[in-house]
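Below, each chain spelled out in residue letters.
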Amino acid sequence: MKAVVEVMGTVVSIDVRTPDVDAAAIETAFETLREADRRFSLYREDSEVSRVVRGEVHADGFSPDLREVLDIGARFERASGGVFSLHPKGPLDTNGVVKGWAVDRAGRVLQASGAADFCINAGGDVLARGSADEGSSEPSGWNVGVRSPWHPERMLAVLGVRDAAVATSGGYERGDHIVNGVSGLAASALASATVVADDLTTADVLATAVFAWGPEGVDWAASAYRCSVLAVLPDGELLTAGRLPLATGS
Amino acid sequence: MRPKKWRGTVLFAGVLATMALTVGMRWYAEPASTATSAVGGTSSTGAADADATTSTPTGASAAPSASSTPTPTTKASATKAPAATTKTVNGATEQTPYGPIQVAVTFSGTRIVKVAELQAPSGGRSDEINSQAAPLLAREVLASQSARIDTVSGATYTSEGYTQSVQSAIDNR
C-alpha cells in the first residue's frame, strides 16, 4: 500500500509492504509529520519555533518535543565541533534535525500498527524497515538508489538496506542552503553526501554535517558513529567510509 | 552549489592497469610500512552514473538500464591526463568508540574511489584487506548500479523537484 503527501516543504512517500495494514495507520504516520511541521516550521508564524525566534517563548516554556530536538542538535553540534549547528545563520533553525526525527517517529507509528515492512521516503531521505518483498519466501531488504548530483535519473550506487536509514545532502535541489557552522560559509566542498545509519535522525544530521564539512567530514562521521558514507566531490570522485551496504547488481 | 558539468568521470580505465595502490599502514603501532600492489583487475570503464531507463513520472520502470554498461575504453584520459603521479596518504590510526580506525588508501592515475576503511578493532588482516578494498569497492559500486531500485535518496526536493524525480516515477508505477 502506497501513499504520497506534501508535507514539511517536500513530498513524502510511504510504501507499506506488510499485508493487511490499515490505511488509517499510514494516515496517522502522515499526521505525525504534519504535527512536526506545525511545531517546527519557520514558514508558519504560529509555530513554536517561530515564536521562540521572536522571543515570545523562553526555555522554561519549551515543549518536550522542542527540547528533544534541541538536545539532539546540541549533541551533534558538540560532536562535529560546531560544523553542524541549529543556529547556522544566527537564529534558531531546527530543520537540520526535525525531518529525520519526525520520520523516525512516523516509522514507530507504522510499526505500532503492525507494519513491519515499509519504506518512508521524505523528500529523498529514506527510512527502510523490514523487507521490500510482498510474500516472498526469501525476503530481501530495500534497494535505495543514490542519485547523481548532476542527473536525477542516474544512480551513483544502489544500497541494499534492511532496518536502516539513508539520507543525502546536496545543493543541487535547493541551492546553497547548507552552511558550515564554523566557517559561516555555504558548503561547497562536496557535490553530495549520503549517510547510512540505523535511524534517520542520525543519518540526516550526519549527511548535513558531512556535506557542510567536506571530505574530512566523511572520515569523521564513519569514525565517530555507526554509519557508512558515500560522498561525491565536485569533479565526480567518490569518497566512501565505513562499510557501504552496496546492493548486488542484477 | 551550481551543478557542474559532469566530466564523465569516476572512471576507471586502462590507466588502472598501471595504477599503483599504496596503502599506508600504521597498524599494531608499527612504523608505517607501505604495501604497493599493481591493480590490473578492473578492465571496465564506468561513469559513476548509471542511466535509469526513465526520468519521467510516467516511465515504465526506474530500474537502471543495462544498456548503460560502461564501455571499456580509456575515455577517462581524454578529459584528464593520466599523469601517473602516485598520491600517497599514510593512514592515521585513530581511537574511536568502535576501536581503532585506519584511514588509508590512495591512488595514482585516474580518479576512482578513495576508501577510508573502518577496521575491525581486532582486525589482524588489515593489510590484506586494505590493499584490496578500494578497487574491489569501485567494482562493487559500479555493479550495484544495475540493481533493482525500490526508492531513491537525494538532496531534499521541493514539490516541483519531485515531479522530475525517479521517486515520483516509482510512486506512480
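Now for a look at the structure at hand. As the structure is a computational prediction, the values presented were derived from the model and not from experiment.

## Quick look at the overall build of chain A
Moving on, step 1. In terms of regular secondary structure, chain A is built from six helices and 10 strands.
Moving on, step 2. Here chain A has a C-alpha radius of gyration of 18 Å; the compact-globule value for 250 residues is 18 Å, and the two agree.
Moving on, step 3. Counting all 250 residues of chain A, 61% fall into the buried class.
Moving on, step 4. Summarising the internal contacts of chain A: among those between residues at least 6 apart in sequence, 56% fall at separations of at least 24.
Moving on, step 5. If you sum the accessible surface of chain A, you get close to 9300 Å²; carbon and sulfur atoms cover 48% of it.
Moving on, step 6. Measuring between centres, the 22 positive side-chain charges of chain A sit 2 Å from its 35 negative side-chain charges.

## What about the packing of helix 1 (residues 23–40) of chain A against helix 4 (residues 95–112) of chain A?
Residues and elements named next belong to chain A.
Moving on, step 1. For the pair helix 1 and helix 4, interaxial distance at closest approach is 9 Å and the crossing angle is 155 degrees. For the element pair helix 1 / helix 4, the angle class is roughly antiparallel. The crossing of helix 1 and helix 4 is right-handed. Packed against helix 1, whose contacting residues are Ala-25, Ile-26, Thr-28, Ala-29, Thr-32, Leu-33, Ala-36 and Phe-40, the element helix 4 presents Val-98, Trp-101, Ala-102, Val-103, Arg-105, Ala-106, Val-109 and Leu-110 at the interface.
Moving on, step 2. Of the residues assigned to the contact of helix 1 with helix 4, the class counts are 13 nonpolar, two polar and one charged.

Calculation notes
By convention here, each chain's residues receive numbers from 1 onward along its written sequence. Chain letters start at A and ligand numbers start at 1, both assigned in the order the entries are written. In view of the model being predicted, local features appear only for residues whose pLDDT reaches at least 70, and side-chain atom pairs are presented and counted only at 80 or more, with totals across whole chains, interfaces and linings using the full set of residues. Working from all heavy atoms in the structure, the side-chain values ignore hydrogens and water. Helix numbers and strand numbers start at the N terminus; a helix is a DSSP run of H or I with at least 4 residues, a strand a run of E with at least 2. Throughout, the radius of gyration refers to the C-alpha atoms, and the reference size of a globule is 2.2 Å times the residue count to the power 0.38. Note on classification: 1.4 Å probe, protein chains only; a residue is buried when its accessible area is under 20% of the maximum for its type, exposed when over 50%, partly exposed between these limits. For this analysis, residues touch if any pair of their heavy atoms sits within 4.5 Å. Only the protein chains shown count as cover for residues, and all accessible areas are computed by the Shrake-Rupley method using a 1.4 Å probe. Just so you know, the count uses Lys and Arg for positive and Asp and Glu for negative, and it drops His and the chain ends. Every charge is mapped to an atom, namely NZ of Lys, CZ of Arg, CG of Asp or CD of Glu. Axes here refer to lines fitted to C-alpha atoms; in helices the fit is confined to the stretch in contact. Angles between the N-to-C directions go from 0 to 180 degrees. Roughly parallel covers angles under 35 degrees, roughly antiparallel covers those over 145, roughly perpendicular covers 65 to 115, and oblique covers all other angles. Here is the rule for handedness: rotate from the far helix to the near one, and if that takes an anticlockwise turn smaller than a right angle the crossing is left-handed, while a clockwise turn gives right-handed. Any residue that is not Ala, Val, Leu, Ile, Met, Phe, Trp, Tyr, Cys, Pro, Asp, Glu, Lys or Arg is counted as polar, Gly included; the first ten are nonpolar and the last four charged.

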